[in-house]
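# Topology and contacts: notes
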Amino acid sequence: MTREEAFALLNKSFGEKIQSKTEFRDETTYTIAAGDLREIAEFSRDELSFDYLLDITSIDNFGEEPRFEIVHELYSMPHAAHLRLKLRISEDVGEVDTVSDIWPTANWHEREIYDMMGIKFKGHPDLRRILMWDGYPFFPLRKDFPLEGLPSEMPDVAFTKVTSMEGGPFVTRPSTATAKDREPRARPPQL
Amino acid sequence: MPETHPTAYDSKIEGNVIFTRFDAALNWVRKNSLWPMPMGLACCAIELMATAASRFDIARFGAEVMRFSPRQCDVMIVAGTVTYKMALAVKRIYEQMPEPKWVIAMGACASTGGMYRSYAVLQGIDQLLPVDVYISGCPPRPEALLAGLMKLQEKISRERSFAKQKPELVERLEEALS
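## With respect to the overall build of chain A
What chain A contains, in helices and strands, is 4 helices and 11 strands. For chain A, the C-alpha atoms occupy an extent of roughly 55 × 50 × 30 Å along the three principal directions. Partitioning the intrachain contacts of chain A with sequence separation of at least 6 by distance along the chain shows that 45% fall at a separation of at least 24. For chain A, the exposed surface amounts to about 10700 Å²; the carbon and sulfur share of it is 52%. Seen as two clouds, the 24 positive and the 35 negative side-chain charges of chain A have centres 6 Å apart.

What follows is the structure, given as structure tokens:
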């Protein structure tokens with residue numbers, strides 16, 4: 001089976017379940033519904049030999065509905081092809097099926113998404129925070145979480161304080177100007 | 001350093017007797033045998049290792065005995081970014097060190113949080129521990145760490161160690177002498 005045949009088979013098998021398909025620089029992106037994830041993931045691994053899960057990431061489209069977007073980056077060693085599966089879930093649902101039994105590497109990726117974005121994974125064997133400590137009350141990569149952080153306190157475990165931004169964040173703007181003009185400066189977010 | 005080594009010198013008894021203040025002798029012993037606690041948390045720890053290795057050789061300043069047990073350490077070298085997750089662990093290790101003890105904040109992160117103006121990073125270890133010497137740099141060169149160590153040695157040599165350690169005894173002695 002070639003790369004083109006694999007995508008054709010995916011189209012044929014899940015015709016109406018694929019919401020959209022985009023091609024960009026040999027990377028194919030499928031938008032699917034959250035409920036169809038496991039079915040399509042298993043099919044992609046077993047029938048289309050997308051045997052390698054590169055990454056799972058999440059996007060917070062704050063202010064839009066549905067708010068969260070989850071992106072599965074698949075790679076096929078035999079076809080040397082990328083496949084990207086995107087799905088969106090609303091904040092009220094806040095839960096999506098795990099793929100950690102399909103690709104074991106998903107285990108820690110899903111824990112990181114849970115830690116940073118607060119999205120739960122149904123069926124995950126060990127859904128604990130991975131970077132912050134158990135009991136930290138916030139999800140820091142959400143758009144409504146301030147850059148300088150929020151105060152928290154867990155006696156004998158950890159605490160956090162609000163960071164002084166000193167007029168920051170300090171941002172560099174890409175340009176061909178001299179280093180003096182390019183160097184990081186305090187630029188308030190509204191500018 | 002005439003102030004810290006007020007020795008009386010007599011050529012007739014050279015090599016046998018030295019007159020000095022007890023503090024000066026005690027501090028001289030302490031400052032030339034600092035056993036560091038290598039609190040390596042980020043890239044500064046790589047420079048700390050380089051400082052200990054042959055090219056820079058921290059042994060020239062008597063601080064080569066890196067101990068991985070806080071019970072045997074004199075100076076904690078906080079080398080790297082202190083995250084909030086790590087902060088209380090650093091504090092606990094500091095508290096396990098026996099007195100007298102000193103702290104070197106090595107690099108921008110340990111001193112102020114550095115470039116991490118972030119929800120996850122403690123903005124300077126001096127919010128938890130009493131820091132004696134701050135070293136700038138990101139990361140500092142090994143020479144900078146050695147310079148910081150020498151600054152700490154200077155500071156130690158000026159301390160009133162005996163009075164600090166045995167205040168009651170000093171008081172009784174002063175009463176008896178007056």
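## Remarks on the interface of chain A and chain B
In this assembly, 22 residues from chain A lie in contact with 12 residues from chain B. Where chain A abuts chain B, roughly 1300 Å² becomes buried across the two surfaces, and 62% of that area is made up of carbon and sulfur atoms. By the criterion of area lost to chain B, the three top residues of chain A are Phe159, Lys161 and Thr163 of chain A, representing 37% of everything that side buries. Between the two partners, chain A and chain B, sit 0 salt bridges. For the pair chain A and chain B, the number of links is 4 residue pairs in polar contact (both at pLDDT 80 or more). A total of 3 residues in the side of chain A that touches chain B trace back to one element, the largest contributor, which is strand β9 (residues 158–160) of chain A. A class-by-class count of the residues in the side of chain A that touches chain B yields 14 nonpolar, 4 polar and 4 charged.

## Focus: the confidence of the model for chain B
Averaged over all residues, the pLDDT of chain B is 89; the fraction at 70 or higher stands at 92%. Predicted complex, confidence summary: ipTM 0.77, pTM 0.80.

## With respect to the layout of surface pockets
Each pocket or cavity is described by its volume, and for the largest pocket that value is around 290 Å³. Lining the largest pocket we find 18 residues, and of these Ser58, Met116, Met117, Leu141 and Arg142 of chain A sit closest to its centre. Of all the secondary-structure elements, those providing two or more residues to the lining of the largest pocket are β3 (52–60) and α3 (106–117) of chain A. Split by residue class, the lining of the largest pocket holds 11 nonpolar, 3 polar and 4 charged. The space that makes up the second largest pocket amounts to roughly 200 Å³. Around the second largest pocket, the lining is made up of 13 residues, and of these Glu99, Pro100, Lys101, Glu159 and Lys164 of chain B lie nearest the centre. It is helix α6 (residues 161–165) of chain B that contributes the most residues to the lining of the second largest pocket, 3 residues altogether. Taken together, the residues of the lining of the second largest pocket break down into 4 nonpolar, 2 polar and 7 charged.

## What about unusual backbone geometry?
With an omega of -5°, the peptide bond between Glu65 of chain A and Pro66 of chain A qualifies as cis. With respect to the helices and strands, Pro66 of chain A occurs in the loop between β3 and β4 (68–76). For the bond from Cys138 of chain B to Pro139 of chain B, the omega torsion is -10°, close enough to zero to count as cis. Inspection of the secondary structure puts Pro139 of chain B in the loop between β4 (133–135) and α5 (142–157). If you check the backbone angles, Arg25 of chain A has positive phi at about 50° while not being a glycine. In this structure, Ser49 of chain A is a non-glycine residue whose phi angle is positive, near 50°. Of note, Ser49 of chain A is situated in the loop between α2 (37–46) and β3.

## Quick notes on the sheet that holds strand β3 (residues 102–106) of chain B
Residue and element names in this part refer to chain B. Pairing within the open sheet is parallel, and its 4 strands lie in the order β1-β2-β3-β4. The strands lining the two open edges of the sheet, one partner per strand, are β1 (36–40) and β4. Strand-to-strand twist in this sheet, taken as the mean axis angle between neighbours without regard to direction, amounts to 15°. Looking at chain direction, strand β2 (residues 75–79) and β3 are connected through 5 bridges and run parallel. Along β3, the bridge assignment pairs Val75 with Trp102. Packed on one face of the sheet, helix α3 (residues 84–96) meets β1, β2 and β3 and runs near 175° to β1.

Conventions adopted
- Residues numbered from 1 in each chain as written.
- Chains lettered and ligands numbered in written order.
- Predicted model: local features only at pLDDT ≥ 70, side-chain atom pairs only at ≥ 80, totals over all residues.
- Heavy atoms only, no water.
- Helix = DSSP H or I, 4+ residues; strand = E, 2+ residues; numbered from the N terminus.
- Contact = heavy atoms within 4.5 Å.
- Areas by Shrake-Rupley, 256 points an atom, 1.4 Å probe, with all protein chains shown as cover.
- Lys, Arg positive; Asp, Glu negative; His and termini not counted.
- Charge placed at Lys NZ, Arg CZ, Asp CG, Glu CD.
- Buried area = accessible area lost by both parts, 1.4 Å probe.
- Salt bridge = Lys/Arg side-chain N within 4 Å of Asp/Glu carboxyl O.
- Polar contact = N/O pair within 3.5 Å; in protein donor to acceptor, adjacent residues only side chain to side chain.
- Nonpolar A, V, L, I, M, F, W, Y, C, P; charged D, E, K, R; others polar.
- pLDDT = per-residue confidence, 0-100.
- 1 Å grid on protein atoms, 1.4 Å probe; cavity = no way out; pocket = protein on both sides within 12 Å on 5 of 7 lines; lining within 4 Å.
- Points joined across faces, edges and corners; volume = space filled by probe spheres on them.
- Pairing = 2+ DSSP bridges.
- Axes fitted to C-alpha atoms, helices over the stretch in contact; angles between N-to-C directions.

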